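Topology and contacts: notes
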Amino acid sequence: METIKIAWAEDNAQLLKLYVDAVAHYPELQLVATARSGEEFIMRLNRLPADQHPQVVVMDVEMPGMNGIEATRRVSALFPEARVLMF
């Protein structure tokens, strides 16, 4: 079974914890990065080794600082093969 690598950006700490906990229940899903702002998210993604690049990115649209729209532009430039879901 192939593992699907996921990165998740959500500024609400409680929601992010719920999402992280939910993903943990599925062995075929691997959470490779989380962040609570667009800037932090891009920084963390830039530090990932090649074998940990996300296949799926879940992006909160409204975040402080860099919003989800701009962060998605940058994610798409870094990882054009990644699929982005926006909330």
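This structure is a prediction, so every number in the text was calculated from the model and none was measured.

1. Overview of the overall build of the chain
Each helix and strand in the chain was counted, giving three helices and four strands. Taken from N to C terminus, the helices and strands of the chain fall in the order β-α-β-α-β-α-β. In terms of C-alpha radius of gyration, the chain reaches 12 Å, essentially the compact-globule figure of 12 Å for 87 residues. With the principal axes as the frame, the chain shows a C-alpha extent of 35 × 30 × 20 Å. Expressed as a percentage of the 87 residues in the chain, the buried residues total 38%. The long-range share in the chain, meaning contacts at least 24 apart out of those at least 6 apart in sequence, stands at 69%. Entry remark: accessible area of the chain is about 5,200 Å², with carbon and sulfur atoms responsible for 56%. Each charge class in the chain can be summarised by its mean position, and for the 8 positive and 12 negative side chains these summaries are 4 Å apart.

2. Points about the packing of aromatic side chains
Enumeration over the complete set of coordinates arrives at two aromatic pairs. Judged by centre distance (4.5 Å) and plane angle (20°), the ring pair of Trp8 and Tyr19 falls under stacked. Of this pair, Trp8 sits in strand β1 (residues 4-9) while Tyr19 sits in helix α1 (residues 13-24), placing them eleven residues apart in sequence. The exposure class assigned to Trp8 is buried, which follows from its relative accessible area of 11%. Measuring from centroid to centroid gives 6.1 Å for Tyr19 and Phe87, while their planes differ by 20°, and the two rings are stacked. With Tyr19 in helix α1 and Phe87 in the segment after β4 (83-86), this pair connects stretches of sequence that are 68 residues apart. The class for Phe87 is exposed, based on a relative accessible area of 55%. Ring pairs connect the aromatic residues Trp8, Tyr19 and Phe87, which therefore count as one cluster.

Analysis parameters
- Residues numbered from 1 in each chain as written.
- Predicted model: local features only at pLDDT ≥ 70, side-chain atom pairs only at ≥ 80, totals over all residues.
- Heavy atoms only, no water.
- Helix = DSSP H or I, 4+ residues; strand = E, 2+ residues; numbered from the N terminus.
- Rg over C-alpha atoms; globule rule 2.2 N^0.38 Å.
- Buried < 20%, exposed > 50% of the residue type's maximum accessible area, 1.4 Å probe, protein only.
- Contact = heavy atoms within 4.5 Å.
- Areas by Shrake-Rupley, 256 points an atom, 1.4 Å probe, with all protein chains shown as cover.
- Lys, Arg positive; Asp, Glu negative; His and termini not counted.
- Charge placed at Lys NZ, Arg CZ, Asp CG, Glu CD.
- Phe/Tyr/Trp six-rings, centres within 6.5 Å; stacked < 30°, edge-to-face > 60°.

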